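Overview (structure and organization)
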Amino acid sequence: MEQKRHIFLCGERGVGKSTLIRRLLEASGLRVGGFCTKLLPTEDGLNPVYIHPASQREEERSYGPENRIAYCDGQRHRIHTEVFDTVGASLLRPSGREEVMVMDELGFMESQAHDFTAAVFRALDGPVPVLAAVKNRFDVEFLNAVRAHPAACLVQIDPTNREELYERLLSIVMRWKKES
């Protein structure tokens, strides 16, 4: 794996990108900045998606219109770009204390949220390493530009390599801890 500042986990939906990020962060003890998203299943099939600080524990999270970034069911999407541009962009502003910036996950919904996408690229151009889950969509300019960032190492994850990737990536993440 070549020496790059950021790690982007790429793979199909449900393959374990977010789980691998969570495991690496728990094992490393790094101070975390950035965001994570959560889709909540509903009875009617139109699922709300929320954005939270990546450092926030699951039991501390709130779910309301102020941090709801979208509703989706796989085919239809109602995207709240204003939440990406306010809450999401603010979560990508470095505080100076974080040792890693998490972006879990980058996808197509935020591609029209200009303040948010600008904040993503500012973080990628900054000094703090980024650990991100990136959707495998190649029809979205924003995602193509993210994957093409010169400081990014793209790592394909699938069910057969998850454990081996954990071991390999943990040594890199622990190096970030020593360097901060």
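Before reading on, note that the structure itself is shown above.
Summary of the structure given here. (Residues numbered from 1 in each chain as written. Predicted model: local features only at pLDDT ≥ 70, side-chain atom pairs only at ≥ 80, totals over all residues. Heavy atoms only, no water.)

1. Some remarks on the packing of helix 2 (residues 81-91) against helix 3 (residues 114-125)
Axis separation between helix 2 and helix 3 bottoms out at 7 Å; the angle between their running directions is 25 degrees. Taken together, the axis directions place helix 2 and helix 3 in an arrangement best described as roughly parallel. On the side of helix 2, the interface is formed by F84, D85, G88 and A89, while helix 3 contributes H114, D115, F116 and A119. Considered class by class, the residues forming the contact of helix 2 with helix 3 number four nonpolar, two polar and two charged. (Axes fitted to C-alpha atoms, helices over the stretch in contact; angles between N-to-C directions. Helix = DSSP H or I, 4+ residues; strand = E, 2+ residues; numbered from the N terminus. Parallel < 35°, antiparallel > 145°, perpendicular 65-115°, else oblique. Contact = heavy atoms within 4.5 Å. Nonpolar A, V, L, I, M, F, W, Y, C, P; charged D, E, K, R; others polar.)

2. Describing the nonpolar core
Grouped together as the largest cluster of nonpolar side chains are 33 residues, with contacts concentrated most on F8, M103, L106 and V120. Going through the elements one at a time, strand 1 (6-11), strand 3 (47-53), strand 4 (68-72), helix 2, strand 6 (100-106), helix 3, strand 7 (130-135) and helix 4 (141-147) are the ones with two or more residues in this core. Ranked by residue count, the leading element in this core is helix 3, at five residues. Membership of the second largest hydrophobic core comes to 23 residues, among which are I7, V100, C153 and L170. (Core = buried A, V, L, I, M, F, W, Y, C linked by side-chain atoms within 4.5 Å. Buried < 20%, exposed > 50% of the residue type's maximum accessible area, 1.4 Å probe, protein only.)

3. Regarding the state of the cysteines
For the structure shown, the criterion picks out zero disulfides. No disulfide involves C36; its sulfur sits 16 Å from the nearest other cysteine sulfur, which is in C72. On the basis of relative accessible area, C36 is assigned to the buried category, the value being 8%. Cysteine C153 is unpaired, with the sulfur of C10 as its nearest cysteine sulfur at 9.4 Å. (Disulfide = S-S within 2.5 Å.)

4. Section: the pattern of salt bridges
Opposite charge on two side chains permits them to pair, given that their charged atoms come into close proximity. A complete count under the given rule lists eleven salt bridges for this structure. Ionic pairing is found between R31 and E99, a salt bridge with its closest N-O pair at 3.5 Å. On the criterion of sequence distance, the pair formed by R31 in the loop between helix 1 (17-28) and strand 2 (32-39) and E99 in the loop between helix 2 and strand 6 is long-range, its members being 68 residues apart. Residue classification places R31 among the partly exposed positions, given a relative accessible area of 45%. A salt bridge links D139 to R137; the shortest N-O distance between them is 2.9 Å. Counted as one network, the salt bridges with shared partners bring together R31, E99 and K177. (Salt bridge = Lys/Arg side-chain N within 4 Å of Asp/Glu carboxyl O.)

5. Regarding the pairing of strand 7
Of all six residues making up strand 7, six are buried, and the element is well covered by its neighbours. Going residue by residue along strand 7, you find V130, A132 and V134 tucked away on one face and L131, A133 and K135 tucked away on the opposite face as well. Two strands pair when backbone bridges link them, and strand 1 and strand 7 are joined in this way by five bridges, in the parallel orientation. Across the sheet, residue G11 finds its bridge partner in strand 7, namely K135. Here five bridges tie strand 6 to strand 7, and the two strands are oriented parallel to one another. Each residue of the ladder has a partner; that of M103, found in strand 7, is A132. Once the chain exits strand 6 it traverses helix 3 before rejoining the sheet at strand 7, and the crossover so formed is right-handed. (Pairing = 2+ DSSP bridges. Right-handed = clockwise from strand over helix to strand, strands pointing away.)

By themselves these figures say nothing about function.
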